[in-house]
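Here's the letter readout for the chains.
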Amino acid sequence: NRSPLARERLRDQLAMVGRLPLEGLAIAKPLEQLRPPHVGYVMELVTGMTSLARLGRPPKGVPSVTQWFLETGGLRRRLRVLARTAEVLSELHGKGLTYVDPSPHNVFVSDSLDGDEVRLIDSDNLRPSSTASRALFTPGYGAPELVRGSGVSSTLSDAYAFAVIAFESLTLAHPLLGDLVRDGEPDLQDAAFAGELPWIDHPEDDRNRLSDGIPRALVLSSQLRDDFHAAFGLGLRAPDLRVGMSQWVEHLHRAADRTIVCSGCRGTFYVDREACPWCDGPRPPFVFIAAQLWDPSARRVKTGGDLEPAAGLVRDASGKPSVLDAVALSEGDALSLTERVTHGFAQGRPRVRVEYTGGRLTLTALGDTDARLVSADGRQNRPLSRGPAELAVGAGSGDWLLHFGGDAELHRVLRFDLRQGVRP
């Protein structure tokens, strides 16, 4: 739009975005505006990264979609990258801001398969959540209320667009473009994007089923399946029923935590499967790291019915220690556990590095982490501040607890158990 009024409005919008509190966020914001008569801006140059769209759309003519899926990072990498993207959007929403136009083309991720760095670009549409404005969206990612013209951009429309991005990246399928829409008239696509047709995995309405894509059972945890149904089921018409960004962060990280590496094809898959879904190889042994809660004020019943102090793990109704979070670690794997696992924070810095190699676990404190390894009988107490600690997996490693708090305070502990593989 070359009208002077439209150009001035755009300059004002860019100036407003430049004043927004974006410090510390992985967003390439406008640094300088172009000099009149040009209208535009300069933003940070992002190098060593590629568009997230490349993880959700196999190139035409690729011999094997499954092999391409694995070669581009497989399941775990996609879960981590999506969780990191959700973190950035959640942080943005926490500042009272709306991104407005999320799409896979606006999300850049590390080129390296070992990296999960994320940057959002094209931030010129950012605005305070309380600001009503005309709807902007990328076709296929716009929330139905924006497509219908009955709503405005909001954190919930951001969450909808993210759900589409996540579903595409994991399943290589658009949630609304089933066989009915793809093989039908163009009007059907418009109806689908407006929320007038069932999504492809609707549990009761199979009119718009899809005959291709990665089978959902291979790439979606039960929690993620529920989240996607909330977004594309009732959430098509009721935005407040969609999962918010903070829940996406938690659920995607939790799903990634429960993946292991196949010793054959090196693909990643969920630990509850008995065989690798990509090559049908047997599930290898892995270390199950359970985050549990230590209560210094716990009580137990003595003989005679009296209570006595018994600091220990919080247990569920069946008497088993409650598991708050869990991480699976394959042989040869190393990862840094953040405060999300060690302290129960929504987000946080890395606290301890865990490596599983040669049948031994190596635990290393990161930064100023106050963690100590304590034996089951309490007689051995080793602070990680002294240096890395090693445990022989399977030789009583489950009898040790890694504490992240003092004896007199409620805190989380980590327990390490070897889970045997499944023989062919």
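To keep things clear, this report deals only with the structure shown in the data block. The structure presented is a predicted model; accordingly, all values stated were derived computationally and were not measured.

Buried residues of helix H7 (residues 186-193): Ala-191, Ala-192 and Phe-193, and no others. Tucked inside the fold, the buried residues of H7 contact helix H4 (144-148) and helix H6 (179-182). The positive-phi residue at the C-terminal boundary of H7 is Gly-195, with phi of around 80°.

With that settled, the discussion passes to helix H3 (residues 74-94). Here H3 is 21 residues long and its end C-alpha atoms lie 30 Å apart, about the 30 Å a rise of 1.5 Å per residue gives. Where burial is concerned, most of H3 is hidden: 18 out of the 21 residues are buried. Phi turns positive, to about 75°, at Gly-96, one or two residues after H3.

Attention now moves to unusual backbone geometry. Glycine aside, the phi torsion of most residues is negative, and most peptide linkages are trans. Here the bond from Pro-36 into Pro-37 is cis, since omega is 15°, no more than 30 degrees from zero. Considering the arrangement of structural elements, one finds Pro-37 in the loop between strand S1 (30-33) and strand S2 (41-43). With a phi angle near 85°, Val-100 is a residue other than glycine that sits in the positive phi range. Looking at the element boundaries, Val-100 is found in the loop between strand S4 (97-98) and strand S5 (107-110). The phi dihedral of Arg-266 is positive, around 70°, even though this residue is not glycine. Mapped onto the secondary structure, Arg-266 falls in the loop between strand S8 (259-261) and strand S9 (268-270). A residue is classified by how much of its surface remains accessible, and Arg-266, at 53% relative accessible area, is exposed.

This next bit is on the sheet that holds strand S20 (residues 389-392). By way of backbone hydrogen bonds, the strands of a sheet pair with one another, either parallel or antiparallel. In space, the four strands of this open sheet follow the order S15-S16-S17-S20, with antiparallel pairing throughout. The sheet is open, and its two edges are formed by strand S15 (334-338) and S20, each paired on a single side. The mean angle between the axes of side-by-side strands here comes to 20°, regardless of whether they run parallel or antiparallel. Alignment of strand S17 (residues 360-365) against S20, held across four bridges, turns out to be antiparallel. The residue bridging Arg-360 from the neighbouring strand is Ala-392, located in S20.

We now examine the environment of Met-49. Note that Met-49 resides in strand S3 (residues 49-51). For the pair Met-49 and Glu-390, spaced 341 residues apart in sequence, the C-alpha to C-alpha distance is 36 Å. If we skip the residues at most four places from it in the chain, Met-49 touches Phe-108, Val-109, Ser-110, Asp-111, Glu-117, Val-118 and Arg-119.

As a further point, take the pairing of strand S10 (residues 286-295). Extensive coverage of S10 is indicated by the burial of nine of its ten residues. Bridging between S10 and strand S22 (residues 411-419) involves nine bridges; their strand directions are antiparallel. Bridge pairing in S22 places Gln-292 opposite Val-413. Pairing analysis gives two bridges linking S10 to strand S13 (residues 312-313), with the strands arranged antiparallel.

It is worth spelling out the packing of aromatic side chains at this point. Counted under the stated rule, the structure contains nine aromatic pairs. Seen in terms of ring centroids, Phe-162 and Trp-248 are 5.7 Å apart; in terms of plane orientation they differ by 65°. Their pairing is edge-to-face. Of this pair, Phe-162 sits in helix H5 (residues 155-171) while Trp-248 is found in helix H10 (residues 245-257), placing the two residues 86 residues apart along the sequence. The same class applies to Phe-162 as to Trp-248, namely buried. Summarising the aromatic geometry, the rings of Phe-228 and Trp-248 are spaced 5.0 Å apart at their centres and angled 50° between planes, so their arrangement reads as tilted.

By size, the foremost hydrophobic cluster in this structure holds 82 residues, and its most contacted members are Phe-228 and Trp-248. When residues of this core are assigned to their parent elements, the largest contribution, ten residues, is made by H5. Counting residues in hydrophobic clusters, the runner-up holds 24 residues, among them Val-341, Tyr-356, Leu-402 and Phe-416.

The next point concerns the sheet that holds S5. Taking strand neighbours across the sheet as the criterion, the three strands line up as S3-S5-S6 in an open arrangement whose pairing is antiparallel. Taken across any chain shown, the strands that pair with only one partner, and hence form the sheet edges, are S3 and strand S6 (118-120). Geometrically, the sheet is characterised by an average inter-axis angle of 30° between neighbouring strands, direction not taken into account. Taken together, the three bridges between S5 and S6 define a ladder with antiparallel strand orientation. Considered in S6, the bridge of Val-109 is made with Val-118. H3 contacts S5 and S6 of the sheet and is inclined by roughly 45° relative to S6.

Quick notes on the rules
Residues numbered from 1 in each chain as written. Predicted model: local features only at pLDDT ≥ 70, side-chain atom pairs only at ≥ 80, totals over all residues. Heavy atoms only, no water. Buried < 20%, exposed > 50% of the residue type's maximum accessible area, 1.4 Å probe, protein only. Helix = DSSP H or I, 4+ residues; strand = E, 2+ residues; numbered from the N terminus. Contact = heavy atoms within 4.5 Å. Expected span 1.5 Å × (residues − 1). Pairing = 2+ DSSP bridges. Axes fitted to C-alpha atoms, helices over the stretch in contact; angles between N-to-C directions. Phe/Tyr/Trp six-rings, centres within 6.5 Å; stacked < 30°, edge-to-face > 60°. Core = buried A, V, L, I, M, F, W, Y, C linked by side-chain atoms within 4.5 Å.

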